Amino acid sequence: MDVLCVCLGNICRSPSAEAVLRSLGEGRITVDSAGTGGWHIGNPPYGPAIAAARDRGYDLSRLRARKFGPEDFDRFDLIVAMDMQNRSDI
């Protein structure tokens with residue numbers, strides 16, 4: 001199963017969700033994340049999000065923001081919006 005987590009900028013919530021789901025899936029699922037906006041494309045997650053994740057045993061440091069696109073509907077089995085506005089934007 002391929003899962004995509006989507007938030008606004010792809011620097012806090014969705015990369016955090018990606019790391020947690022990847023850990024829980026233990027290789028049985030493919031997980032990615034994206035943002036509905038393109039302001040942070042190519043940037044790492046927000047520093048405090050990286051630190052909070054690290055404190056809980058998750059590594060966000062290698063993730064980079066990308067923008068959600070129409071092709072994601074074909075690529076992923078499940079798209080998880082982090083809130084109702086993200087769902088509406090998708």
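Residues numbered from 1 in each chain as written. Predicted model: local features only at pLDDT ≥ 70, side-chain atom pairs only at ≥ 80, totals over all residues. Heavy atoms only, no water.

J.: Which residues make up the overall build of the chain, and what values do they have?
T.: Broken down by element type, the chain carries 4 helices and 3 strands. When its helices and strands are written in sequence order, the chain yields β-α-β-α-α-β-α. Compactness check: the chain gives a C-alpha radius of gyration of 12 Å against a globular reference of 12 Å for 90 residues, within 12% of the reference. With the C-alpha coordinates of the chain rotated into their principal frame, the extents come out at 35 × 30 × 20 Å. Taking all 90 residues of the chain together, the buried fraction comes to 37%. In the chain, of all internal contacts separated by at least 6 residues, the share reaching a separation of at least 24 is 72%. (Helix = DSSP H or I, 4+ residues; strand = E, 2+ residues; numbered from the N terminus. Rg over C-alpha atoms; globule rule 2.2 N^0.38 Å. Buried < 20%, exposed > 50% of the residue type's maximum accessible area, 1.4 Å probe, protein only. Contact = heavy atoms within 4.5 Å.)

J.: I'd like to hear about unusual backbone geometry, residue by residue, with values.
T.: Phi at Asn 10 is positive, roughly 65°, even though this residue is not glycine. Tracing the backbone shows Asn 10 in the loop between β1 (2–7) and α1 (13–25).

J.: Give a description of the environment of Asp 2 that names residues and reports values.
T.: Within the fold, Asp 2 resides in strand β1. Note on Asp 2: relative accessible area 27%, which makes it partly exposed. When neighbours within four sequence positions are excluded, Asp 2 is seen to be in contact with Thr 30, Arg 75, Phe 76, Asp 77 and Leu 78. Among the polar contacts listed, one links the side chain of Asp 2 to the side chain of Thr 30, at a separation of 3.2 Å. (Polar contact = N/O pair within 3.5 Å; in protein donor to acceptor, adjacent residues only side chain to side chain.)

J.: Run through the side chain of Glu 18, naming residues and quoting values.
T.: One can find Glu 18 in helix α1. According to the relative accessible area criterion, Glu 18 is buried, its value standing at 3%. At 2.6 Å, the side chain of Glu 18 forms a polar contact with the side chain of Ser 33. Excluding anything up to four places from it in sequence, Glu 18 contacts Cys 5, Val 31, Asp 32, Ser 33 and Leu 63.

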